[in-house]
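Each chain, written out:
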Amino acid sequence: MEYGEYQRLYKGLNTPEDLQAFLDEGYDKNLLETLYNQKVNRTVKKKYHIVKKNSARILRMWKRGKSICEIADEYGFPPILTAMMIFQEDGCGKKIFWEYVRDPSLLDSEETAAELREASERDLVYSIEGNERSKERGQWGEGLLWKWLDDQGVTYKTEADERQEDGQQGSKTPDCLLDEPMDFCGKKIYWIESKASFGDATEFKFNSTKQLIPYTELFGPGVVVYWTGHLDGLECPKNIILEDIGILEKSLKKWNKE
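Description of the structure in this document. If you're wondering where the values come from, they're calculated on a predicted model, not measured in any experiment. (Residues numbered from 1 in each chain as written. Predicted model: local features only at pLDDT ≥ 70, side-chain atom pairs only at ≥ 80, totals over all residues. Heavy atoms only, no water.)

## Here we look at the overall build of the protein chain
Helices and strands together make up the secondary structure of the protein chain, namely eleven helices and six strands. The C-alpha extent of the protein chain, read off along each of the three principal axes, is 75 × 45 × 30 Å. By residue count, 46% of the 258 residues in the protein chain fall in the buried class. The contacts of the protein chain with a sequence gap of at least 6 include a subset with a gap of at least 24, amounting to 58%. Measuring between centres, the 37 positive side-chain charges of the protein chain sit 6 Å from its 47 negative side-chain charges. (Helix = DSSP H or I, 4+ residues; strand = E, 2+ residues; numbered from the N terminus. Buried < 20%, exposed > 50% of the residue type's maximum accessible area, 1.4 Å probe, protein only. Contact = heavy atoms within 4.5 Å. Lys, Arg positive; Asp, Glu negative; His and termini not counted. Charge placed at Lys NZ, Arg CZ, Asp CG, Glu CD.)

Next up, the structure:
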């Protein structure tokens, strides 16, 4: 994706309603949800400590009659996380809070239950449904990768297989570690990583530092696939190949050792 188009989408995705406007233009839902999620997550990282510092004030605002969603809008913070700040400041434990999110009818106050339902409906990222959608996108990407490899008869170990073998839950493991090196577009590769996120400069730099470069050091060259797309012109670290859903039109060959 060209930078100008990316900027237009990224800057334009500020509320759940903005997604529908871009959907009406014909943009892919997975792409829009991914970009929106990434933007909200980055906003949370920047604002979390500020909002947390004001949690006592936020609780007072709520007790004086402002709704959870009104407070969330005022602070530019996700409704469910805003609700969690309020409930925790009022003495509710995190585990109990999430039980209320899953079933607001457990609350004594129907008014509070209605506010929590509204917060869940408006929060596309941190609500139970939002978390499930994120998991589904991850599974969707992995499913595409596995089918692409299976259809070509390429054998590999999944992340779960690798962790079961080495018994290290915290070890760095790519989504697919090929049983033997393969030829991908004339380059020798050993692994493929599936990403349901959008590969912009921030995401790609983070993934490269935390995962991809360590993979090259452990296993050799490999491919990272951003299924919803990536920015054009990103500079790839050595031994990392950047791909999008177009990889499904390409194929692997056995590596000629000669």
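## Section: the pattern of salt bridges
When the charged atoms of two side chains lie near each other, side chains of opposite charge can form a pair. In total, this model carries 16 salt bridges according to the counting rule given. In this structure, the salt-bridge partner of Asp73 is Arg122, at a minimum N-O distance of 3.0 Å. Here the residue Asp73 occupies a position in helix α5 (residues 68–75), and Arg122 occupies one in helix α8 (residues 110–122), the gap between them amounting to 49 residues. The network of salt bridges with common partners includes Lys29, Glu33, Arg133, Glu136 and Arg137. (Salt bridge = Lys/Arg side-chain N within 4 Å of Asp/Glu carboxyl O.)

## Describing the packing of aromatic side chains
For the structure on display, the rule yields twelve aromatic pairs. Summarising the aromatic geometry, the rings of Tyr3 and Tyr6 are spaced 6.1 Å apart at their centres and angled 40 degrees between planes, so their arrangement reads as tilted. Separated by three residues within a single helix, Tyr3 and Tyr6 lie in helix α1 (residues 3–12), roughly one turn from each other. Overall, Tyr3 belongs to the exposed group, its relative accessible area being 51%. Judged by its relative accessible area of 7%, Tyr6 falls in the buried class. Relative to Phe97, the ring of Phe87 has its centre 5.3 Å away and its plane inclined at 65 degrees; by these criteria the two rings are edge-to-face. (Phe/Tyr/Trp six-rings, centres within 6.5 Å; stacked < 30°, edge-to-face > 60°.)

## Some points on the side chain of Ser127
Here Ser127 shows up in the loop between α8 and α9 (128–151). With relative accessibility at 2%, the residue Ser127 sits in the buried group. Within polar-contact distance, the side chain of Ser127 engages the backbone oxygen of Asp123 at 2.6 Å. Those residues in contact with Ser127 that sit more than four places away from it in its chain are Ile80 and Ser120. (Polar contact = N/O pair within 3.5 Å; in protein donor to acceptor, adjacent residues only side chain to side chain.)

## Observations regarding helix α7 (residues 94–102)
Taken as a whole, α7 has its buried residues at Phe97, Trp98 and Val101. Buried residues along α7 cover an arc of 95 degrees about the axis, so they all sit on one side. Of the exposed residues in α7, the ones pointing more than 90 degrees away from its buried face are Lys95 and Arg102. If you follow the buried residues of α7, they end up packed against α6 (79–89), α8 and α9. (Arc of directions from axis to C-beta.)

## Some remarks on the side chain of Glu115
By the element assignment, Glu115 lies in helix α8. What Glu115 contacts, discounting residues up to four positions off in sequence, is Trp62, Ser67 and Ile68.

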